[in-house]
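Spelled out from the first residue to the last, the chains are:
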Amino acid sequence: LQAVIGFTDTWFAGRISAHALAGLGAQTFLNLAVFVLLGGVAFAVQVPVANAVGAGQPRAAWSWLTAALAAAGLTLPCFAALAWAGPELFALWQLPAASAEQAVLYWQPRMAGGAAVVALFAVPRYLCGMGRTLGSLWANLAAAVANVPLNQWLIFDQGLGLAGAAHASTLASLVGLAVGLAAAAHGGAGPLPRLSALWAQVLALCRLGVPIGVAASADVLAFAVFQLLMSHIGPVEGAA
């Protein structure tokens, strides 16, 4: 279902122009690599949550969800820097001007909303750690479904073009996040940790999650380089 969001963006980009599709293709796996890299802290939350459940302390697992959401918030400066660096990043690959313009048009708002994606990673992982996989399914399903009308509205009705697709994906992630949080709270919320304990849990998630993110993003980067090389050849190749 996470992949469906990217597929939806691709389908709508194809309705804009070949250059839009080439620009989207030039950075689809690159932004996925970034999300997976920085999202490692969110993926990691399933481990301590499952440990808490196994120890017979399911209410204690709630504090780990709080820590994962705090860790997602801490990724904001990284995503902001990547959004700002978008034009220089794609200039390095000497893409055709129209394709590079479209790539930046999507990349900057997509990176600006990256923390929402990491937060959406965290909540389903929490629900899976609790053994509530149906709640995880509903969260991701809500995001995938919401992305379709949001793309139509922002790309065409509001005239935002490919940037609208990026904004639509961010808003869809927030819809999925809201559904996931509602499912998490329905099972009963636990006490919030003290600030010092929260910070310790965030650091623990970083120690566990950063290697997860690095390992996963390394595989995705190979596809990202391939896509950038295809877009470097020309817009037709990049779109294909």
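Keep in mind that this is a model prediction, so the values were computed, not measured.

J.: Talk me through the nonpolar core; I want residue IDs and the actual numbers.
T.: In terms of nonpolar packing, the biggest core is built from 44 residues, with Phe79, Phe90, Met111, Tyr126 and Leu205 touching the most fellow members. Here this core gets 8 residues from one element, more than from any other, and that element is helix α9 (residues 114-129). Residues in contact with Leu205, not counting those within four places in the same chain, are Val41, Ala44, Val45, Pro48, Trp64, Ala67, Ala68 and Val210. Ranked by size, the runner-up nonpolar core spans 9 residues in total, among them Leu24, Leu162, Ala165 and Ala166.

J.: Break down the side chain of Ser169 for me, with residues and values.
T.: Relative to the helices and strands, Ser169 resides in helix α11 (residues 162-186). Of the polar contacts made by the side chain of Ser169, one reaches the side chain of Asp9; its length is 2.5 Å. Residues contacting Ser169, with those up to four places away along its chain left out, are Ile5, Asp9, Tyr106, Arg110 and Asn147.

J.: Outline the confidence of the model for the chain, supporting the account with residue identities and numerical values.
T.: Predicted confidence across the chain gives a mean pLDDT of 93, with 100% of residues reaching 70 or more. Considering each helix and strand of the chain separately, the mean pLDDT is smallest for helix α13 (residues 235-239), with a value of 88, and largest for helix α6 (residues 76-84), with 97.

J.: Please set out the environment of Phe156 residue by residue, giving values where relevant.
T.: Within the secondary structure layout, Phe156 lies in helix α10 (residues 133-157). Here Phe156 falls in the partly exposed class, since its relative accessible area comes to 32%. Each C-alpha atom of the pair Phe156 and Ala80 lies 26 Å from the other, and the pair is 76 residues apart in sequence. Excluding anything up to four places from it in sequence, Phe156 contacts Phe12, Arg15, Ile16 and Asn151.

J.: Any chance you could break down a nonpolar patch on the surface for me, citing the residues and the numbers?
T.: Together, Leu1, Val4, Leu134, Leu137, Trp138, Val175 and Val179 make up a nonpolar patch on the protein surface, roughly 580 Å² of accessible area in all. For the nonpolar patch, the secondary-structure elements that each account for two or more residues are α10 and α11. Element by element, the count of residues in the nonpolar patch is highest for α10, at 3 residues. For Leu137, a relative accessible area of 42% translates into the label partly exposed.

J.: For the packing of α9 against α11, give the residues involved together with the corresponding values.
T.: Packed helices, taken two at a time, are described by the angle their axes make and the gap between the axes. In the contact formed by α9 and α11, the axes pass within 9 Å of each other and the chain directions differ by 25°. The angle between α9 and α11 places the two elements in the roughly parallel class. Relative to α11, α9 is oriented so that their crossing is left-handed. Taken together, the residues of α11 that come into contact with α9 (itself represented by Ala116, Val117, Ala119, Leu120, Val123, Tyr126 and Leu127) are Thr170, Ser173, Leu174, Gly176, Leu177, Gly180, Leu181, Ala183 and Ala184. Tallied by class, the residues present in the contact of α9 with α11 amount to 12 nonpolar, 4 polar and no charged.

Quick notes on the rules
- Residues numbered from 1 in each chain as written.
- Predicted model: local features only at pLDDT ≥ 70, side-chain atom pairs only at ≥ 80, totals over all residues.
- Heavy atoms only, no water.
- Core = buried A, V, L, I, M, F, W, Y, C linked by side-chain atoms within 4.5 Å.
- Buried < 20%, exposed > 50% of the residue type's maximum accessible area, 1.4 Å probe, protein only.
- Helix = DSSP H or I, 4+ residues; strand = E, 2+ residues; numbered from the N terminus.
- Contact = heavy atoms within 4.5 Å.
- Polar contact = N/O pair within 3.5 Å; in protein donor to acceptor, adjacent residues only side chain to side chain.
- pLDDT = per-residue confidence, 0-100.
- Patch = residues over 30% accessible without salt bridge, like charges linked within 9 Å, V, L, I, M, F, W, Y side chains within 5 Å.
- Areas by Shrake-Rupley, 256 points an atom, 1.4 Å probe, with all protein chains shown as cover.
- Salt bridge = Lys/Arg side-chain N within 4 Å of Asp/Glu carboxyl O.
- Axes fitted to C-alpha atoms, helices over the stretch in contact; angles between N-to-C directions.
- Parallel < 35°, antiparallel > 145°, perpendicular 65-115°, else oblique.
- Left-handed = near helix turned anticlockwise from the far one by under 90°.
- Nonpolar A, V, L, I, M, F, W, Y, C, P; charged D, E, K, R; others polar.

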